[in-house]
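Geometric and topological summary
The primary structure of each chain is shown beneath.
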Amino acid sequence: MTVIESHRNRSRTVYAASYNRTTLRKTLIACAVLTGALLLTVIMMSLVGSEHLPASASLCALFSFGRSQCALTTDQFDILFQIRLPRILLAAAVGGSLATAGASYQALLRNPLAEPYLLGISNGAAVGTMVALVFFGGNEWSRPLLAFVGALLATLAVYRLARGRAGATPERLVLAGVIVTTFLSSVIVFVTTLMDATRIRSFTFWLLGDLSGTSKNLLPVAIAIAIVGTVVLAANARSLNLLMLGERDAFDLGVEVGKVRIVVFVVASLLVGSSVAASGSVGYVGLVVPHLARLSLGSDNRLSIPAAALGGAVFVIVADTVARTMIAPRELPVGAITALIGAPLFIYLLKRT
Amino acid sequence: MCLILVLVFYLGCSGKHSAPETSPTVRDVTDDAGRRVVLPLRIDRVISLAPNLTEITFAIGAGDRLVGRTSYCNFPSEAKTVAEVGDTLHPNLERIIALRPQLVLISTASQLEVFTHQLESQNIPVFVTDPHDLEGVFRSIDQLGTILGQGNQAKQLVDHLRARTAAVAEALKQTRPVTVFYQLSAEPLYTAGHDAFVTDLIRRAGGRSVTAEVPGAWPKYSAESALAARPEAIVLPTGGSMGEGNSAVAEALQRSPAAIQGKVYKINDDLLVRPGPRAIDGLEEMARALHPDAFKQ
């Protein structure tokens, strides 16, 4: 047995010992509390909208899971179950996906500023969606698929650009993100200029993040991807924790760095792609929520990734409720609301790092 | 000594300034934006930056003086032979200057107000029209008639259009207004608000737009409010400049009385959103769609 191997084995033992029941219990409690908060948010926000619905009858219908109409009229019942609830569920899926993706990027790249929107990954997914709209307009399944491809390509581009001889410093990564973002933005502007008037209108609104176009077929897909993606990334949380020490240290501690990187890139791209295909570029969610999760729960990814997922869902549901009610019956793009909250926080974090 | 020199120089200068007071070669007009515009008496080179103004210019017999138009100006077919100066969102300033226009026409319907300043700084007179309703269309026709010296043709056109508008009103006298949802696009859901020209057109066609009081011209609209409005008819502007895209009813409206009873009407968007002479065609088509019985002879 060589010296290095014995060192590696010893470290593994040390680490395994530190993975005690307290962490597990803390994770379970935090997840239970946040799941409760998410359910409460879904129910509360279902009672708010541009049309007034009687609260008690709505609650009755919600708790019957739509089996009973309770005292609601058919129109009110349709508003609640065909429009409001699907939109809230989509907001939850989008928020959870983006926050999880953000938390994983931040751990993998050891950079507090890594965020799908700021790194240009959302824009990559947007270009993918745009390609799908232009070339496969009729097929809605092409949208999440090409958004995923776009997100993955943008991720790889940023990663390659950011890695200099001195490794990927936070500044270099943000710079690479700016380059990719602006390049892809010009691609988007170029293509929208060539599109006809109707498509421009819908597309520009969509680019700012819009949850109103909930497709009945894509909603279950978005929810499934959000849940599976979060579970897969949370399962890699231990490796991500060690990666936060540095790639070489993580490698010495037995982490298959290359494999983890591929898993995070692919799964996070899938999360971002499915969100962007469903709702456009909702910015800053992947920045605000993981930071709040780490500030309140600590930087252990086994805890902060699931917490970010649940918190992100709550955050986007609330932001979208503001977007759809503030100037009702008109609507604002939800991305404008998340950016209004996220941009000041981004500046604050930038000053701290 | 110096002082006297300065004084003499000053007087000399001010004397020169007041010199060219000859017969008037220009005139003052006031546009819809309340701006005073100084124009030559005869205008031979006009650029239109709005499809409705291009249509009016041709309709009053001044189309041969049009030297520039936007890529959206697709009617009448003669308009397509006129040089393009970009679309209504991005007019090309260099090309406009190169065409040496004596006047550039702008409509607030094309949202090009900002461009006015750029043209003015190049000493190109700009006339802004701001039609919100059919009366605004008639005013625009009058104004262009005066400016382009086609007053008689403009008057004839307005009289003719007024007569057709009155005929529609007469036919609809006994009818009850139908509630209408104007679906500009399904996803995301856009409609016509208070400031949209088509809102007045719907009212005159015997309809009542359920979004008539929503602020703005083209608001993004809440799906649940659209559902709750239960419109009796849905108008889909499609098939014109907008392309064929907007031909399906939005999901939130699929169970509305309009959709269930098949009262969904596709009307060429160019007839509904352009405050020009063809808006009367749009008015007649919409009135016949909403109240077929009123037009049975």
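As the structure is a prediction and not an experimental result, all values here were calculated from the model.

**Here we look at the overall build of chain A**
- Within chain A one finds 15 helices and zero strands.
- Taking 20 Å as the expected radius of gyration for a compact globule of 353 residues, we find that chain A reaches 21 Å, a close match to that expectation.
- C-alpha extents for chain A along the principal axes are approximately 75 × 50 × 40 Å.
- Scored against the burial criterion, the 353 residues of chain A give a buried share of 49%.
- Within chain A, residue pairs in contact and separated by at least 24 positions form 76% of the contacts whose partners lie at least 6 positions apart.

**Some words on the domain arrangement of chain B**
Residues and elements named next belong to chain B.
- Here chain B is described as being made up of domain 1 (26-161) and domain 2 (174-295).
- Domain 1 and domain 2 are separated by 28 Å when their C-alpha centres are compared.
- Taken residue by residue, the interface counts 18 residues in domain 1 and 13 residues in domain 2.
- Here the side of domain 1 that touches domain 2 gets five residues from one element, more than from any other, and that element is helix α2 (residues 51-59).
- Classifying every residue of the side of domain 1 that touches domain 2 by side-chain character gives eleven nonpolar, five polar and two charged.

**Concerning helix α7 (residues 197-204) of chain B**
Residues and elements named next belong to chain B.
- Among the eight residues that make up α7, six are buried, leaving the element largely enclosed by the rest of the structure.
- If you check which residues of α7 are buried, you get F197, V198, T199, D200, L201 and I202.
- Looking at the buried side of α7, the elements it contacts are α5 (134-147), β7 (178-185), β9 (207-209), α10 (269-273) and α11 (279-290).
- One or two steps after α7, the chain reaches G206, where phi turns positive at roughly 80 degrees.

**Some words on the confidence of the model for chain A**
- In this model, chain A carries a mean pLDDT of 87, and residues with pLDDT of at least 70 account for 90%.
- Note on residues 1-14 of chain A: pLDDT under 50 across the span, and nine contacts to partners over four residues away in sequence or across chains.

**Some thoughts on the packing of helix α2 (residues 21-46) of chain A against helix α4 (residues 74-108) of chain A**
All names here are of chain A.
- Two elements in contact, α2 and α4, have axes separated by 10 Å at closest approach and are oriented at 145 degrees. Where α2 crosses over α4, the two elements pack in a sense that is right-handed. Residues L38, V42, M45 and S46 of α2 pack against L80, R84, L85, I88 and A92 of α4.
- Looking at the contact of α2 with α4 residue by residue, the classes come out as seven nonpolar, one polar and one charged.

**Overview of the sheet that holds strand β6 (residues 126-129) of chain B**
All names here are of chain B.
- Spatial strand order, β4-β3-β5-β6: four strands in an open sheet with parallel pairing. Pairing within the sheet leaves two strands with one partner each, and these edge strands are β4 (66-68) and β6. Geometrically, the sheet is characterised by an average inter-axis angle of 35 degrees between neighbouring strands, direction not taken into account.
- Alignment of strand β3 (residues 46-48) against strand β5 (residues 103-107), held across three bridges, turns out to be parallel.

**Some points on the interface of chain B and chain A**
- Contacts between chain B and chain A engage 23 residues on the former and 24 residues on the latter.
- At five residues, helix α8 (residues 223-229) of chain B tops the list of elements feeding residues into the side of chain B that touches chain A.
- Here the residues of the side of chain B that touches chain A sort into eleven nonpolar, seven polar and five charged.

Definitions and cut-offs
- Residues numbered from 1 in each chain as written.
- Chains lettered and ligands numbered in written order.
- Predicted model: local features only at pLDDT ≥ 70, side-chain atom pairs only at ≥ 80, totals over all residues.
- Helix = DSSP H or I, 4+ residues; strand = E, 2+ residues; numbered from the N terminus.
- Rg over C-alpha atoms; globule rule 2.2 N^0.38 Å.
- Buried ≥ 20, exposed ≤ 12 C-beta atoms within 10 Å, placed from the backbone.
- Contact = placed C-beta atoms within 7 Å.
- Domains from an automatic or database assignment.
- Nonpolar A, V, L, I, M, F, W, Y, C, P; charged D, E, K, R; others polar.
- pLDDT = per-residue confidence, 0-100.
- Axes fitted to C-alpha atoms, helices over the stretch in contact; angles between N-to-C directions.
- Left-handed = near helix turned anticlockwise from the far one by under 90°.
- Pairing = 2+ DSSP bridges.

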